[in-house]
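The primary structure of each chain is shown beneath.
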Amino acid sequence: MTGDDLKIAYSPCPNDTFVFDALAHGRVPGAPGFDVTFADIDITNGMAERGEFDVLKVSYAVLPYVLDEYVLLPCGGALGRGCGPLVLTREGGNAGGAGGSDAVGGAGLAGRTVAVPSERSTAYLLFRLWAAEQVPGGVGEIVVMPFHEIMPAVRDGKVDAGLVIHEARFTYRDYGLHKLADMGEHWESTTGLPIPLGAIIAKRSLGTRALTRLADSIRTSVRSAWDAPEVSRPYVMEHAQEMDPSVADQHIGLYVNEFTADLGEAGYAAVRGLLTRAAAEGLLPPLGPDALDFP
């Protein structure tokens, strides 16, 4: 670590440690040095709004608030298909009814208490867009809590429903919970676009040359992890918070994909689509026409 290292913050989740392993350990030739801080997405969103780090993993939902100071990098983030947030309840069918199997529908959430991981997260934004169409009269109280506390809170009846992300997609049945709705399925069926979740942003003040070098280095780090996944395994599992290795592998397989290597036309369309739709609903400030452009 030197005084010239870029200060970067990303989550301890397997997809981020997988993506950044080669960079964090100096295995990408010509890449800048990094001073790494681990923080959950709600924390990194706040860091971005305060302009505290050079490079950050943030929710796409926070972009309209930070793009004056930061630029969206065209790689390193999390988009995909079949990977959206879920709304979970103790009973199938609705948030307050009797047993049953997994069901899709929102009427049972009317007036109910819902736990969410952050009010500035993309998950919550997708939930708001879904609820506006699917929950007559709207949900009741929104309670923010760390995402790893949400499923126990739903199981124990502390809240009526929970909005969950990440590996919860693979483990919610272990808590005896049921899927009320899949925010990603709703997004994909109504837009045809992939689901934008987490973005990598960097300070505009770094300059065009440094930003291009950074993006190229992240792409190389992603491809290195794909080429030799066993090399990243110790770093991934060190920070995976006692996650089962098979769940970590599923997590990486779902969230690290072609959009991680390059957003491409479909990726940018998804980001613009989400932020434009949210602005039209009054959930986010509108973006300028060039706000997502990369130098």
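To be clear, the structure that these remarks concern was listed above.
Residues numbered from 1 in each chain as written. Predicted model: local features only at pLDDT ≥ 70, side-chain atom pairs only at ≥ 80, totals over all residues. Heavy atoms only, no water.

Sorry if this is basic, but what is going on with the sheet that holds strand 8 (residues 142-144) here?
Think of a sheet as strands paired side by side through backbone hydrogen bonds, with each pair either parallel or antiparallel. Pairing is mixed across the open sheet formed by five strands, whose spatial order is 8-7-9-6-10. Every interior strand has two partners, whereas the edge strands, strand 8 and strand 10 (178-182), have only one. Direction aside, neighbouring strands of the sheet carry axes that sit 30° apart on average. With four bridges joining them, strand 6 (residues 86-89) and strand 10 adopt antiparallel strand pairing. When the sheet's bridge partners are listed, leucine 86 is paired in strand 10 with aspartate 182. The strands touched by helix 4 (residues 122-134) within the sheet are strand 6, strand 7 (114-116), strand 8, strand 9 (161-164) and strand 10, with strand 9 carrying the most contacts at an inclination of about 125°. (Pairing = 2+ DSSP bridges. Helix = DSSP H or I, 4+ residues; strand = E, 2+ residues; numbered from the N terminus. Axes fitted to C-alpha atoms, helices over the stretch in contact; angles between N-to-C directions. Contact = heavy atoms within 4.5 Å.)

How should the pattern of salt bridges be read in this particular structure?
Note that side chains of opposite charge can pair when their charged atoms are close. Following the criterion strictly, the structure yields 11 salt bridges and no others. A salt bridge links glutamate 49 to arginine 120; its shortest N-O distance comes to 2.5 Å. Here arginine 120 lies in the loop between strand 7 and helix 4 and glutamate 49 lies in helix 2 (residues 41-49), a separation of 71 residues in the sequence. You can call glutamate 49 partly exposed: its relative accessible area is 38%. A relative accessible area of 30% means that arginine 120 is categorised as partly exposed. Beyond isolated ion pairs, a larger network of salt bridges with shared partners links Asp216, Arg219 and Asp262. (Salt bridge = Lys/Arg side-chain N within 4 Å of Asp/Glu carboxyl O. Buried < 20%, exposed > 50% of the residue type's maximum accessible area, 1.4 Å probe, protein only.)

Before we go on, may I ask you to explain the packing of helix 9 (residues 229-238) against helix 10 (residues 245-255) in this structure?
When two helices pack together, their arrangement is given by the angle between the helix axes and by the axis-to-axis distance. At a minimum axis distance of 11 Å, the contact between helix 9 and helix 10 shows a crossing angle of 110°. If you check the angle between helix 9 and helix 10, you find them roughly perpendicular. In contact with Arg233, Val236 and Met237 of helix 9, helix 10 contributes Pro245, Ala248, Asp249 and Ile252. For the contact of helix 9 with helix 10, a count of residues per class yields five nonpolar, no polar and two charged. (Parallel < 35°, antiparallel > 145°, perpendicular 65-115°, else oblique. Nonpolar A, V, L, I, M, F, W, Y, C, P; charged D, E, K, R; others polar.)

Even after reading the chapter, I still don't get the side chain of serine 217, so can you show me in this structure?
As for its position among the elements, serine 217 is in helix 8 (residues 208-227). Not counting residues up to four positions away in its chain, the partners in contact with serine 217 are Leu23, Val28, Ala31 and Pro32.

Mind showing me how you'd approach the packing of aromatic side chains here?
Each aromatic ring pair is summarised here by two numbers: the centre-to-centre distance and the angle between the ring planes. Taken as a whole and judged by the stated rule, the model has five aromatic pairs. Centroid distance tyrosine 10 to phenylalanine 38: 5.5 Å. Interplanar angle 85°. Geometry classified as edge-to-face. With tyrosine 10 in strand 1 (residues 6-10) and phenylalanine 38 in strand 2 (residues 34-38), this residue pair connects regions lying 28 residues apart in the sequence. Classification of tyrosine 10 by relative accessible area gives buried; the value is 1%. You can call phenylalanine 38 partly exposed: its relative accessible area is 30%. (Phe/Tyr/Trp six-rings, centres within 6.5 Å; stacked < 30°, edge-to-face > 60°.)

What's the story with the state of the cysteines in this structure? I'm lost.
Here a disulfide denotes a covalent bond joining the sulfur atom of one cysteine to the sulfur atom of another. Overall, the coordinates contain zero disulfides when judged by the stated rule. With no disulfide partner, cysteine 13 has as its closest neighbouring cysteine sulfur the one in cysteine 83, 13 Å distant. A relative accessible area of 4% means that cysteine 13 is categorised as buried. Look at cysteine 83 and you get buried, because its relative accessible area is 1%. (Disulfide = S-S within 2.5 Å.)

Honestly, the side chain of asparagine 257 in this entry has me stumped. Any pointers?
Assignment of secondary structure puts asparagine 257 in the loop between helix 10 and helix 11 (258-261). For asparagine 257, the side chain forms a polar contact with the main-chain oxygen of leucine 79, separated by 2.7 Å. For asparagine 257, the side chain forms a polar contact with the main-chain oxygen of leucine 254, separated by 3.4 Å. Asparagine 257 has contacts with Leu79, Gly80 and Trp226, leaving out every residue within four places of it along the chain. (Polar contact = N/O pair within 3.5 Å; in protein donor to acceptor, adjacent residues only side chain to side chain.)

Would you mind going over the packing of helix 1 (residues 14-24) against helix 10 with me for this structure?
Viewed as axis vectors pointing N to C, helix 1 and helix 10 meet at an angle of 70°, and their least axial separation amounts to 8 Å. It follows from the interaxial angle that helix 1 and helix 10 lie roughly perpendicular. Contacts between helix 1 and helix 10 pair Pro14, Asn15 and Phe18 from the former with Ala248, His251, Ile252 and Tyr255 from the latter. Within the contact of helix 1 with helix 10, the residues separate by chemical class into five nonpolar, two polar and no charged.

So, to be careful, I would describe these as geometric facts and stop short of saying anything about function.
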